Amino acid sequence: MRIIPAIDIIDGKCVRLTQGDYGSKKVYNENPAEVARSFEDAGLEYLHLVDLDGAKAGKVVNWKAIESVTATSSLKVDFGGGIKTEGEIKSLLEAGVKQVNLGSIAVRNPDLVKEWIDVYGSEKIILSADVKGEQIAISGWLENSAVSVFDLVADYLKKGIQYVTCTDISVDGMLQGPNIGLYRKLLESFPSIKLIASGGVSGMQDLEQLRNINVNGVIIGKAIYEGRIKLGELGDR
């Protein structure tokens, strides 16, 4: 199981939200690259980098922060937040991002995303499924869709997707544990996907639960920033 610490960016700063509410923003560090280096220094290999301004705006916004992170660390970065064009994907990959998360565009324009999977390969494209209940939310979690996460994943499996990041918005930032039941149900329904769990991790016991159901990776945010999980504990895993 891959351990993937998260950096969420607003106005170029490292922040966390609670349940996707932009009004709940808490700034943890004004220098995301510094945070990324602390993860690397702890022996971690991966990073989930999110442009929250971009998610709301529908286009990548925080280019300087993204480039500073990739330029100053060797972390394998997956990036999400507002990607809508092939030009953005090209620029992100050229900037050193290893994988891109596609969420809103994957719901609104699946044919276009299928083309991108064909062009860039399924190793580069992650389907980002943000859910309330079992329904997909889009536009930085500000808009609900009528699409079920199970229908979305089934559709994208036919398009060749391998990686799926699933975030349960109701538990994100709450430090009350991830939605193990949802992840178990997804893996039972789609055993071939590389599922990345996101949202709600509160301590090391949650990581053990997620490992036991065989998720491919787990994204950890607020639990690190609030000191519930120490970087030293993660670097050995």
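Figured I'd write up the structure that's included with this text. (Residues numbered from 1 in each chain as written. Predicted model: local features only at pLDDT ≥ 70, side-chain atom pairs only at ≥ 80, totals over all residues. Heavy atoms only, no water.)

Looking only at helix α6 (residues 110–120), the buried set comprises Val113, Trp116 and Ile117. What you see down the axis of α6 is that its buried residues fit within an arc of 105°, all on one side. Along α6, the residues that are exposed and aim more than 90 degrees away from the buried face are Asp111, Asp118 and Val119. Those residues of α6 that are buried lie in contact with α4 (86–94), β6 (99–102), α5 (104–108), β7 (125–132) and α7 (149–158). Gly121 occupies a position one or two residues after α6 and carries a positive phi of about 90°. (Buried < 20%, exposed > 50% of the residue type's maximum accessible area, 1.4 Å probe, protein only. Helix = DSSP H or I, 4+ residues; strand = E, 2+ residues; numbered from the N terminus. Arc of directions from axis to C-beta. Contact = heavy atoms within 4.5 Å.)

This next bit is on the pattern of salt bridges. Within the structure shown, the criterion is met by nine salt bridges. Between Asp8 and Arg16 there is a salt bridge whose closest N-O contact spans 3.1 Å. When its relative accessible area of 9% is taken as the criterion, Asp8 is described as buried. Here Asp118 ties to Lys114 by a salt bridge, and the two come within 2.9 Å at their closest N and O atoms. Of this pair, Asp118 and Lys114 both sit in helix α6, four residues apart, which is roughly one turn of that helix. Classification of Lys114 as partly exposed rests on a relative accessible area of 27%. (Salt bridge = Lys/Arg side-chain N within 4 Å of Asp/Glu carboxyl O.)

Turning next to the layout of surface pockets. Empty space within the largest pocket amounts to approximately 160 Å³. If you go around the largest pocket, the residues you meet are Arg2, Ile4, Tyr46, Lys76, Val77, Asp78, Lys98, Gln99, Glu123 and Tyr163. Where the lining of the largest pocket is concerned, the elements lending two or more residues are β1 (2–10) and β5 (76–80). For the lining of the largest pocket, the element with the most residues is β5, which contributes three residues. For the lining of the largest pocket, a count of residues per class yields four nonpolar, one polar and five charged. (1 Å grid on protein atoms, 1.4 Å probe; cavity = no way out; pocket = protein on both sides within 12 Å on 5 of 7 lines; lining within 4 Å. Points joined across faces, edges and corners; volume = space filled by probe spheres on them. Nonpolar A, V, L, I, M, F, W, Y, C, P; charged D, E, K, R; others polar.)

By size, the foremost hydrophobic cluster in this structure holds 66 residues, and its most contacted members are Ile7, Leu186 and Ile220. Not counting the four nearest positions on each side in its chain, Ile220 is found in contact with Ile3, Ile4, Pro5, Ala6, Val201, Leu207, Ile229 and Leu234. Residues Val15, Leu17, Val50 and Ala55 belong to the second largest nonpolar core, which totals seven residues. (Core = buried A, V, L, I, M, F, W, Y, C linked by side-chain atoms within 4.5 Å.)

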